Amino acid sequence: MAYGTAAVAKVDSPRSPYVRRKTTRGNYELYSWIFMRASGVVLVVLIFGHLFVNLMVGEGVHAIDFAFVAGKWANPLWGVWDLLMLWLAMIHGTNGVRTIINDYAQRDLTRGVLKSLLYTAFVVVVVVGTLVIFTFDPCPPNAPEELLASFCTA
Amino acid sequence: MTATLENTATEAGAAVGVVPSFEVTLRVRRFNPESTHGEESYWDEYTITAHGTDRVLDALHKIKWEHDGSLTFRRSCAHGVCGSDAVRINGRNRLACKTLLKDVNPDKPIVVEPIKGLPVVKDLVVDMEPFFASYREIMPFLITTGNEPTKERIQSAEDRARFDDTTKCILCAACTSSCPVFWTDGQYFGPAAIVNAHRFIFDSRDEGAQQRLEILNDKEGVWRCRTTFNCTEACPRGIEVTKAIQEVKRAMITRAF
Amino acid sequence: MQTHQYDVVIVGAGGAGMRAALESSKEARTAVISKLYPTRSHTGAAQGGMCAALANVEEDNWEWHTFDTIKGGDYLVDQDAAEVMAKEAIEAVFDLERMGLPFNRTPEGRIDQRRFGGHTRNHGEAAVRRACYAADRTGHMILQTLYQNCVKQDVEFFNEFYVLDLIVDHDLTTEEIEDGAEVNATGVVAYDLATGEIHVFQAKSIVFATGGAGKIFKTTSNAHTLTGDGMALAYRRGLPLEDMEFFQFHPTGLAGLGILLSEAARGEGGILRNAEGERFMERYAPTIKDLAPRDIVARSMANEVREGRGAGPNKDYVLLDLTHLEPAHIDAKLPDITEFARTYLGVEPYTEPVPVYPTAHYAMGGVPTNIEGEVLRDGRNVVKGLYAAGEVACVSVHGSNRLGTNSLLDINVFGKRAGRSAAAYAKTATFKDLPETPAAAVVAQLDEMRNRPDGERVADIRKALQETMDANAQVFRTGESLNEALADIRELRKRYSNASVQDKGRLFNTDLLEAIELGFLLDIAEVTVVAAINRKESRGGHYREDFPDRDDKHYMLHTMAYRRPTVASDQAEGHVEGYFDHVEEFDGYKVVLGSKPVTMTRYEPMERKY
Amino acid sequence: MPTAPAGTLYRGREGMWSWVAHRVTGVLIFFFLLVHVLDTALVRVSPEAYNAVIGTYQTPIMGLGEAGLVAAIVFHAFNGIRVILVDFWAKGPKYQRTMLWVVVGLFFVTMAGFLPRHLMNVFGGGH
Ligand SMILES: Cc1cc2nc3c(=O)[nH]c(=O)nc-3n(C[C@H](O)[C@H](O)[C@H](O)COP(=O)(O)OP(=O)(O)OC[C@H]3O[C@@H](n4cnc5c(N)ncnc54)[C@H](O)[C@@H]3O)c2cc1C
Ligand code: HEM
Ligand code: SF4
Ligand code: F3S
Ligand code: FES
């Protein structure tokens, strides 16, 4: 008869006293947001230039081989171009995927694991890519000559 | 003019009594832990007779009053000014009291669901606490220093117009619960909180803008907005929500540099 | 059951409740209990403005405002209260502005003001710009601003808690209590909608601010939740209700729906026309035509319809014509209300006239209080620790007809006063003991309603009540129609005692609460009709076709309606003070009408001409 | 915090779907980039290795995949510009929908310029 007594199952209040997980203020998200935009604008130029040269000029994909790459990187402009593209795209993309992980991975553990994977991938790819561009030898000594760019034999 | 006004002013002269009554079916997503369905939500369908000027809220009332008294939803003013009855109608957030049945294609069943991203308490009623908590966090009140003037503070008509749009908010949560980012983990402050921060940040009388910007600079603050515009489309008061968010973002950037 | 103790408990979180909370929470431990989230309260629906003689745009002073208020109320206004309100109006507006309310501004950056019905310069010479406003959503901005400041002050809210009983330490219905004897209000009983749990709040001071009771009518501008709870609770505990026969019908509600189109529509040049396109107000009020006071316009419209000149297929409404106004002007001045016409009737106000009909709008009557907000238990004595403010209360500043914009003012001025008085009293008072089982009556009532076997639907009874009130106690009333309404109410009461709810659960049971609210509506409708039967004159919002003139000789008095049990002649019965000897018997109780004199200070009653 | 029962899909409009597409294309490009950097790194290993791997790109299947990738990049890039305009241009939010149609238009124009040539290279001539 009476409410709230043991005889009657009590309903828990469905109104949750709500607490935000934790506050994390600071300019990190702000800078990353700006970076996404700034890098985006630069990437438009870099990527479209890259795609144009690689896929559109001459024979397109079919033209791509070791000699082609070597030929390109022999020119410092393309070296810097690709290096910049590598870095910007990787930071931009990694940061984008980080956002996506934050959105969809709800448990802290999942978030942690996914982000570690992401950052590892980032480091590996950026390091490898950078090394390749910097240490690249367009005319490796033991390579069959027909695979090399024409200027190696010159 | 607002989200619910897509098909208005079409039936010129279709005033009271002219539009004949018609049959309409509502498919309502229900949830009642006390019922035999337990923690499962389920669908119920009701067919009722409606009139030309009936709104979805009228249909819900008809169901509650004539068919199934246990159907539960919030409502008060019944004309779109109190913000009680934001629900999802045919997949979009709207106020039930501002959506005419004839404007949502009554030939097919009209699907009514609770708004997304907030815990459902019963049927169409959700727990609004998380929503109001975010609202309270952005310090939604005038902050001033110094002595109070004896009369009013002076504010030019232009300064007053600067934040007019965001003063219209009725805290209905249609925007926040339409935001794909809010759905993911409910941690995002959400557009409504930002709209209400905007209302003060751009009020020339207020001196708390820095603090509010600082709060919204949070990881869960404005930067989580991905400009999906669901909020703007959902707002029953026609507030340009995304624009307000954009203005707050820009204010933050100006402040940081 | 849970028990809480607060110095001050405020029931209702509309404008009046939150204004009171802002005062009292600074001084005393305060809780606000509201059946709605505060920002859902119906204060938010108010459109036009809030009057104060700021004289920002033209010469004005608060004494003129006092006079307009008294005259507008057809001299049934307590003049001391009207003076207080008009004088403190200025500070009330400044208070709101300093709290952050975004008023519209003049070119100099001051608060802008506009004209509103019945507000004049120098005792009726010409219309004056007195209404301070924020576009056509002044009430919305007031409600938001007050809530914002409650957040700032960390006011404690109990949202979606329904107060269902008031605890008073004497039974006023059956005890003969002497003049001057102390009667205390000690607490309230509330029902938590989310869990169905009962909470008892013990308090030194209690402020009622539960708003109006428009849902006794079918066509109304009021929210579904305005069911007269506070009035009915006080009334059931033996307290009187004052001037309940006076209900304001606003002329321009959207036909069939009752949604309000502000008076500003006519202020901006809108014209009322009948089916023949005639500007009929020229016949009823040749000088000010469409801008005559609300009661007069509403009656004229109803008369047009009654005489067959209504528009539409059923000839049951008239037309509000805005088509001669520039669309840009409409957009600038009347954005929200023209949108209502588009949304709800599919009518484009630029090119078509809008169907309108009078809609039940505002309860002038309510729980009687003095100017400090203290609730009266008869003509003179107060209940200690009990306060009321806002539409639930009757101070009485509105008399028999409220002027537009005076209610937003009322809630601010008297909300503040009630909050201040409540806190001051709480500081000196001690907690009074609660009865042993304070919630027994509420629990019994709820269980009964919940467990009743299948009976009639609450909604059907409510609909019948609203229909009979619309048909018989609306703009035009006669002894006959009122008695018909009363007979219907008696019948509906019987049906109500067999009504049942379908939702038997605890969680968010709105079905159950609607049933309880219907009980309040029946109580309020009943006093309204009984008081209207008794008042055999026409004054302000109360128009008796069988007595079309004002009768100051017999009726320059406030009606005080008391509910008393039917008892054998040797048993005690609560005190009823006053003049009227009208009594209406019901099943087990009766409604007894007493009276209270009208306070006059400066203004002698005159004929009310505009 | 308990979550709401899922319910039906939200019927967002252009803004929401363009964001979904932006997100999907972004992730797609990202994963391609990982692979692409690593395969290009083979140039450091030996020309043979590089050419062997690159050779597999030159099959029609990969050619189509590449076309898809370019499509993704083109959309992501143009829509990215649109997002930036929404953020920094005061009238951006107002014209977001128009801008999306411009993005779609530009996308088709660009792809019309690219695809025939690319497909010709893939299917037409060859080594
Ligand atoms: C459409 C419209 C337009 C108007 N325009 C104007 C105007 O331009 N100018 C003007 O001066 N006036 C206007 N008015 C009148 C004015 O708005 C109201 O009279 C005034 O706002 C009432 O305020 P209140 O605080 O008394 O009540 P409300 O704002 O109605 O608040 C009532 C509160 O009480 C609570 N409550 C009720 N019952 C219970 C219960 N049992 N337990 C717990 N809580 C309860 C509710 O939750 C709510 O919070 C208008 C009214 C309407 C309807
Ligand atoms: C071509 C030029 C590019 C432009 C103009 C561009 C622009 C943008 C912009 C503005 C955003 C932010 C979107 C937002 O905040 O809502 C973004 C997000 C993203 N970008 Fe790019 N981008 C480009 C290239 C790339 C590349 C090469 C990658 C992959 C490595 C990439 C991956 C992503 C990802 C994963 C996101 C996150 C998406 C999200 O959060 O929804 N972008 N891009
Ligand atoms: S911004 Fe619009 S949708 Fe969001 S809460 Fe306010 S009124 Fe509702
Ligand atoms: S829906 Fe969400 S993502 Fe931004 S534009 Fe609105 S807040
Ligand atoms: S009931 Fe008030 S907004 Fe719909």
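So, how was this worked out
Throughout this description, residue numbers start from 1 for each chain and increase along the sequence as written. Following the order in which they are written, the chains are lettered starting with A and the ligands numbered starting with 1. Reporting in this predicted model follows two pLDDT cut-offs: at least 70 for local features of residues, and 80 or more for side-chain atom pairs to be given and counted; totals over whole chains, interfaces and linings ignore these cut-offs and use all residues. Side-chain measures here rest on the full set of heavy atoms in the structure, leaving out hydrogens and waters. Numbering of helices and strands runs from the N terminus; a helix is a DSSP stretch of H or I covering at least four residues, while a strand is a stretch of E covering at least two. With C-alpha atoms as the basis for the radius of gyration, the globule rule is written as 2.2 Å multiplied by the number of residues raised to the power 0.38. Remark: exposure states derive from per-residue accessible area (1.4 Å probe, protein chains only) relative to the maximum for the residue type, with buried under 20%, exposed over 50%, and partly exposed in between. Any two residues whose heavy atoms approach within 4.5 Å at even a single point are treated as in contact. Every accessible area reported is derived by Shrake-Rupley at a probe size of 1.4 Å, with residue values counting cover from the shown protein chains alone. Listed donor atoms are N, O and S within 2.8 Å of the metal (Na, K and Ca: 3.2 Å). As water is not included, a site may look incomplete. Irregular is the default label, applied whenever a site is not tetrahedral (four donors, all angles between 85 and 135 degrees) and neither square planar nor octahedral (four or six donors, opposite donors over 155 degrees apart, all other angles between 65 and 115). To form a nonpolar core, buried Ala, Val, Leu, Ile, Met, Phe, Trp, Tyr and Cys residues must be joined to one another through side-chain atoms within 4.5 Å. What marks off one domain from the next here is an automatic or database domain assignment. UniProt positions are given in the numbering used here, feature names are shortened, and annotations may be inferred rather than shown by experiment. Here a polar contact is taken to be a pair of N or O atoms separated by no more than 3.5 Å, where protein atoms must pair a possible hydrogen donor with a possible acceptor and residues adjacent in sequence count only if both atoms sit in side chains. The near set for a molecule or strand comprises every residue that places at least one heavy atom within 4 Å of it. Residues were grouped as follows: Ala, Val, Leu, Ile, Met, Phe, Trp, Tyr, Cys and Pro as nonpolar; Asp, Glu, Lys and Arg as charged; and all remaining residues, including Gly, as polar. Only residues whose relative accessible area exceeds 30% and that take part in no salt bridge are eligible for patches, with like-charged residues grouped when within 9 Å of each other and nonpolar side chains (Val, Leu, Ile, Met, Phe, Trp, Tyr) grouped when within 5 Å. In the sections that follow, a salt bridge refers to a side-chain nitrogen of Lys or Arg positioned within 4 Å of a carboxyl oxygen of Asp or Glu. Confidence of the predictor at the level of single residues is captured by pLDDT, which takes values from 0 to 100. Every axis in this analysis is a line fitted to C-alpha atoms, fitted for helices over the stretch in contact. Angles between the N-to-C directions lie between 0 and 180 degrees. Geometric relationships in this document are graded by angle, where less than 35 degrees denotes roughly parallel, more than 145 denotes roughly antiparallel, 65 to 115 denotes roughly perpendicular, and other angles denote oblique. In a left-handed crossing the near helix is turned counterclockwise from the far helix by less than a right angle, and in a right-handed crossing that turn is clockwise. For this count, His and the chain ends are skipped, Lys and Arg are scored as positive, and Asp and Glu as negative. Charged groups are reduced to one reference atom each: NZ for lysine, CZ for arginine, CG for aspartic acid, CD for glutamic acid. Here a strand pair is declared whenever DSSP counts at least two bridges between the two strands. Side-chain rings of Phe, Tyr and Trp, where Trp is taken by its six-membered ring, are said to pair if the distance between their centres is within 6.5 Å; with planes under 30 degrees apart they count as stacked, over 60 as edge-to-face, and otherwise as tilted. Joining two parts hides part of their accessible area as seen by a 1.4 Å probe, and the buried area is that hidden amount summed over both.

Some remarks on the overall build of chain D
Reasoning step 1: Each helix and strand in chain D was counted, giving 4 helices and 0 strands.
Reasoning step 2: The secondary structure elements of chain D, listed N-terminal to C-terminal, are α-α-α-α.
Reasoning step 3: Computed over C-alpha atoms, the radius of gyration of chain D comes to 19 Å, more than 25% over the 14 Å expected from 2.2 N^0.38 for 127 residues, which places it beyond the range of a compact globule.
Reasoning step 4: When the backbone C-alpha atoms are referred to their principal axes, chain D occupies close to 55 × 40 × 30 Å.

Let's talk about the overall build of chain A
Reasoning step 1: Broken down by element type, chain A carries 5 helices and 0 strands.
Reasoning step 2: Reading the secondary structure of chain A in the N-to-C direction produces α-α-α-α-α.
Reasoning step 3: Here chain A holds 154 residues, and 48% of them are scored as buried.
Reasoning step 4: Long-range pairs, those at least 24 residues apart, make up 67% of the contacts in chain A with a sequence separation of at least 6.
Reasoning step 5: When the accessible surface of chain A is summed, it comes to about 8,100 Å², and 69% of that surface belongs to carbon and sulfur atoms.

Concerning the coordination of the iron atom of ligand 2
Reasoning step 1: Donor atoms from the polypeptide that coordinate the iron atom of ligand 2 comprise A:His92 (NE2) and D:His76 (NE2), at 1.9 to 2.0 Å from the metal.
Reasoning step 2: If you look at the iron atom of ligand 2, its 6 donor atoms make angles of 88 to 180° with each other, and the shape they trace is octahedral. Remark: D:His76 occurs in helix H3 (residues 60-88) and A:His92 occurs in helix H3 (residues 76-104); the pair is interchain, linking two chains.
Reasoning step 3: Classification of A:His92 as buried rests on a relative accessible area of 15%.
Reasoning step 4: Here D:His76 falls in the buried class, since its relative accessible area comes to 15%.

Structural notes on the nonpolar core
Most often, soluble globular proteins keep nonpolar side chains buried together rather than apart.
All names here are of chain B.
Reasoning step 1: Ranked by internal contacts, the top residues of the largest apolar core, which has 135 residues, are Leu26, Leu216 and Val248.
Reasoning step 2: Split by domain, this core shows at least three residues from each of two domains, domain 1 (19-126) and domain 2 (129-144 + 158-256).
Reasoning step 3: Among all residues touching leucine 216, those that are not within four sequence positions of it are Ile138, Phe189, Ile194, Ala197, Gly221, Val222, Val248 and Met252.

Section: the UniProt feature "transmembrane region" (unreviewed entry) in chain A
Residue and element names in this part refer to chain A.
Reasoning step 1: In the numbering adopted here, UniProt assigns the feature "transmembrane region" (unreviewed entry) to residues 30-57, 77-97 and 117-136.
Reasoning step 2: Secondary structure within residues 77-97 divides into 100% helix and 0% strand; the distance between the first and last C-alpha atoms comes to 29 Å.
Reasoning step 3: When the span residues 117-136 is considered, its composition is 95% helix and 0% strand, and the gap between its end C-alpha atoms is 28 Å.

Brief notes about the environment of B:Ile239
Residue and element names in this part refer to chain B.
Reasoning step 1: Within the fold, isoleucine 239 resides in the loop between helix H7 (230-234) and helix H8 (241-256).
Reasoning step 2: Distance from isoleucine 239 to aspartate 159, taken between C-alpha atoms, is 18 Å for residues 80 residues apart in sequence.
Reasoning step 3: In this view, isoleucine 239 contacts Asp165, Thr166, Lys168, Cys169 and Thr232; residues no more than four positions away in its chain are not counted.

Quick notes on the UniProt feature "binding site: heme" (unreviewed entry) in chain D
Reasoning step 1: UniProt marks D:His76 with the feature "binding site: heme" (unreviewed entry), using the numbering shown here.
Reasoning step 2: Those residues in contact with D:His76 that lie beyond four places of it in its chain are A:His92, D:His22, D:Thr25, D:Gly26 and D:Ile29.
Reasoning step 3: A distance of 3.2 Å separates polar atoms of two side chains, one belonging to D:His76 and the other to D:Thr25.

Brief notes about the site of ligand 3
Reasoning step 1: B:Cys169, B:Ile170, B:Leu171, B:Cys172, B:Ala173, B:Ala174, B:Cys175, B:Ala192, B:Cys235, B:Pro236, B:Arg237 and B:Ile239 make up every residue found near ligand 3.
Reasoning step 2: Along the lines of polarity and charge, the residues of the shell around ligand 3 split into 11 nonpolar, no polar and 1 charged.

Quick look at a nonpolar patch on the surface
Reasoning step 1: Side chains of A:Val41, A:Val42, A:Leu84, D:Ile81, D:Leu85, D:Trp89 and D:Tyr95 sit close together on the surface and give an oily, nonpolar patch of about 540 Å² of accessible area.
Reasoning step 2: For the nonpolar patch, the elements supplying multiple residues, two or more each, are helix H1 (28-56) of chain A together with H3 of chain D.
Reasoning step 3: Structurally, A:Val41 can be placed in helix H1.
Reasoning step 4: Accessibility expressed as a relative area gives 43% for A:Val41, which makes it partly exposed.

A look at the confidence of the model for chain D
As a general rule, the predicted coordinates of low-pLDDT regions are not to be interpreted in detail.
All names here are of chain D.
Reasoning step 1: In this model, chain D carries an average pLDDT of 84, and 91% of its residues clear a pLDDT of 70 or more.
Reasoning step 2: Predicted confidence in chain D is weakest over helix H2 (residues 47-57), with a mean pLDDT of 78, and strongest over H3, with 90.
Reasoning step 3: This prediction of the complex comes with two scores: 0.93 for pTM and 0.91 for ipTM.

Topic: the packing of helix H14 (residues 479-496) of chain C against helix H15 (residues 510-534) of chain C
All names here are of chain C.
Reasoning step 1: Relative orientation of the contacting elements H14 and H15 amounts to 155°, with a least axis distance of 10 Å. Comparing the axis directions of H14 and H15 gives the class roughly antiparallel. H14 and H15 meet at a crossing whose hand is left-handed. Here H14 contributes Leu482, Asn483, Ala485, Leu486, Ile489, Leu492, Arg493 and Tyr496 to the contact with H15, which in turn contributes Ala515, Ile516, Leu518, Gly519, Leu522, Asp523, Ala525, Glu526, Val529, Val530, Ala532 and Ile533.
Reasoning step 2: Tallied by class, residues from the contact of H14 with H15 come to 15 nonpolar, 2 polar and 3 charged.

Observations concerning a negative patch on the surface
Residues and elements named next belong to chain C.
Reasoning step 1: A contiguous patch of negative charge on the surface is contributed by Asp169, Asp171, Glu175 and Glu182.
Reasoning step 2: For aspartate 169, the location among the structural elements is in the loop between strand E7 (161-168) and strand E8 (185-192).
Reasoning step 3: For aspartate 169, a relative accessible area of 34% puts it in the partly exposed group.

Some thoughts on the sheet that holds strand E22 (residues 583-585) of chain C
All names here are of chain C.
Reasoning step 1: One open sheet accounts for 4 strands, arranged E10-E21-E23-E22; its pairing is antiparallel. Where the open sheet ends on each side, the last strands, each with one partner, are strand E10 (241-242) and E22.
Reasoning step 2: As judged from the 9 bridges shared by strand E21 (residues 557-565) and strand E23 (residues 589-597), these two strands associate in the antiparallel manner. The partner of arginine 564 across the bridge, within E23, is lysine 590.
Reasoning step 3: The strands touched by helix H5 (residues 229-236) within the sheet are E10, E21 and E23, with E21 carrying the most contacts at an inclination of about 60°.
Reasoning step 4: Contacts from H15 reach E10, E21, E22 and E23, with the element oriented near 55° to E23.

Comments concerning the site of ligand 4
Reasoning step 1: Residues in contact with ligand 4, as listed here, are B:Cys179, B:Tyr188, B:Pro191, B:Cys225, B:Arg226, B:Thr227, B:Thr228, B:Phe229, B:Asn230, B:Cys231, B:Thr242 and B:Ile245.
Reasoning step 2: A breakdown of the residues in the shell around ligand 4 according to their chemical character gives 7 nonpolar, 4 polar and 1 charged.

Side note on the arrangement of the chains
Reasoning step 1: The highest contact count of any of the 5 pairs of chains in contact belongs to chains B and C.
Reasoning step 2: Contact between chain C and chain D is absent, and the least distance between their C-alpha atoms amounts to 16 Å.

Regarding the environment of B:Lys64
Reasoning step 1: Among the structural elements, B:Lys64 can be located in helix H1 (residues 56-67).
Reasoning step 2: Each C-alpha atom of the pair B:Lys64 and B:Cys231 lies 29 Å from the other, and the pair is 167 residues apart in sequence.
Reasoning step 3: One polar contact links the side chain of B:Lys64 to the main-chain carbonyl oxygen of B:Leu71, over a distance of 2.9 Å.
Reasoning step 4: Reaching out from B:Lys64, the side chain makes a polar contact with the side chain of C:Thr510 at a distance of 3.0 Å.

As for the packing of aromatic side chains
Reasoning step 1: One pass over the full model with this rule turns up 29 aromatic pairs over all chains.
Reasoning step 2: Ring centres of A:Phe48 and D:Phe78 lie 5.9 Å apart, and the angle between their planes is 20°; this geometry places the pair in the stacked category. Of the two residues, A:Phe48 sits in helix H1 while D:Phe78 sits in helix H3, which places them in two different chains.
Reasoning step 3: The buried category is assigned to D:Phe78, whose relative accessible area is 17%.

Description of the interface of chain B and chain C
Reasoning step 1: Taken residue by residue, the interface counts 78 residues in chain B and 65 residues in chain C.
Reasoning step 2: At the boundary of chain B with chain C, total buried surface from both sides reaches about 6,100 Å², with 52% on carbon and sulfur atoms.
Reasoning step 3: Linking chain B with chain C are 9 salt bridges, by the criterion used here.
Reasoning step 4: Note that C:Arg110 and B:Glu152 form a salt bridge whose closest N and O atoms lie 3.2 Å from each other.
Reasoning step 5: If you list the elements that add at least two residues to the side of chain B that touches chain C, you get H1, strand E6 (120-122), helix H2 (129-137), helix H3 (157-162) and helix H5 (191-201) of chain B.

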